[in-house]
Amino acid sequence: FSRVWLFMEINLDYNNIDFKDKIINLPKGVKIVNIYGDNINISTLCDILENVKNNIEIRCNYNKEINNEFLKRNTYQGFNRSILNMVKKICVENVTSNDYVVDMTVGNGNDTLFLANISKKVFGFDIQDIAIKNTTKLLEENNVDNYELFNISHDKIDIVLNKYKNNIKLILFNLGYLPCGDKFITTNHETTLNAIKSSLDMLKNDSLILVVFYPHPEGKLEAKVVLDYLNNYNLNYTIYKNTPNEDAPYLVVISK
Ligand code: SAM
């Protein structure tokens, strides 16, 4: 068993009598847990998952059902697996099918797909061809057509979407680098700050900018310049953290 721990990824059988003990007491260093088994009861599984330590990625054939269950329970504070659950909750609570929204970092398209499904139309930006391709593919596979993607840096939002000025309901920044992509192509503090300034002009009243910061060195700098700016201009924002761990991603919601 210990040989497997070294790989930081383990498999756990839901039907094993020790399943709950094992998943709650995972040793330090385990990053990914694959859950398998027959007749998985989503509600029971979610009761257990609420106790799992922070920053562990859970993979299971029922990820969609698990996320839906947590959204339904509205127990975000108890469920600390991913800050993106909070992002989704806030999006669902604020966006309607009449709203225009923007995904500022489309990456592999997961957030874009989610936003397309809850809005009138989603606009998406990314500076990488591969990100635009991956996102287009994901949206097409899901029969989504209420989107428009731009292979342009997101700080140009005010130019590219000029005719939607004061008409955007929510703008999402999921910062950092493309998962499974080139880790050297990352968002950076200068363009991120400029993009946030431009985004403020795009929002209609009673609207939100959501920014997920990741605490790698450039991410920390991004957070610092953005928070300094918000403080200097007395802008309204709330920070959401789902763990006391300083090295976990967190969410800043800016409201207009
Ligand atoms: N939302 C994505 C998803 O669901 O898969 C994940 C986004 S990933 C963490 C960050 C993305 O930001 C990368 O794809 C990267 O190419 C993109 N990016 C970096 N700098 C950018 C910029 N100036 N403008 C637009 N996108 C940028």
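In the block above lies the structure referred to throughout.
Residues numbered from 1 in each chain as written. Predicted model: local features only at pLDDT ≥ 70, side-chain atom pairs only at ≥ 80, totals over all residues. Heavy atoms only, no water.

Go over helix H6 (residues 110-118), please, and point to the residues and values.
With respect to burial, H6 is a largely interior element, seven of its nine residues being buried. Listed as buried for H6 are Asp 111, Thr 112, Leu 113, Phe 114, Leu 115, Ala 116 and Ile 118. (Buried < 20%, exposed > 50% of the residue type's maximum accessible area, 1.4 Å probe, protein only. Helix = DSSP H or I, 4+ residues; strand = E, 2+ residues; numbered from the N terminus.)

Explain the sheet that holds strand S1 (residues 9-13) to me, and be specific about the residues and the numbers.
To summarise the sheet geometry, strands pair through backbone hydrogen bonds and adopt either a parallel or an antiparallel arrangement. Read from one edge to the other, the open sheet built from three strands follows the order S1-S2-S3, with strand pairing classed as parallel. The outermost strands of the open sheet, each flanked by one partner alone, are S1 and strand S3 (57-60). Geometrically, the sheet is characterised by an average inter-axis angle of 25° between neighbouring strands, direction not taken into account. Both S1 and strand S2 (residues 32-36) contribute to a ladder of five bridges, which runs parallel. From the neighbouring strand, Glu 9 faces S2, where its bridge partner is Ile 32. (Pairing = 2+ DSSP bridges. Axes fitted to C-alpha atoms, helices over the stretch in contact; angles between N-to-C directions.)

For the side chain of Ser 199, give the residues involved together with the corresponding values.
Summarising the element assignment, Ser 199 is placed in helix H9 (residues 189-202). Taking the relative accessible area as the measure of exposure, Ser 199 reaches 0% and is therefore buried. Residues contacting Ser 199, with those up to four places away along its chain left out, are Met 104, Ile 157, Ile 171, Phe 173 and Ile 209. (Contact = heavy atoms within 4.5 Å.)

Residues and numbers for the site of the ligand, please.
Around the ligand sit 20 residues, and of these Thr 105, Asp 111, Asp 126, Gln 128 and His 154 come closest. The side chain of Gln 128 places a nitrogen or oxygen atom 2.8 Å from an oxygen atom of the ligand. A distance of 2.9 Å separates a nitrogen atom of the ligand from a polar backbone atom of His 154. Relative to its unbound accessible area of 610 Å², the ligand is 96% covered by the protein chains. Its residues placed into classes, the shell around the ligand shows six nonpolar, twelve polar and two charged. (Near = heavy atom within 4 Å. Polar contact = N/O pair within 3.5 Å; in protein donor to acceptor, adjacent residues only side chain to side chain. Areas by Shrake-Rupley, 256 points an atom, 1.4 Å probe, with all protein chains shown as cover. Nonpolar A, V, L, I, M, F, W, Y, C, P; charged D, E, K, R; others polar.)

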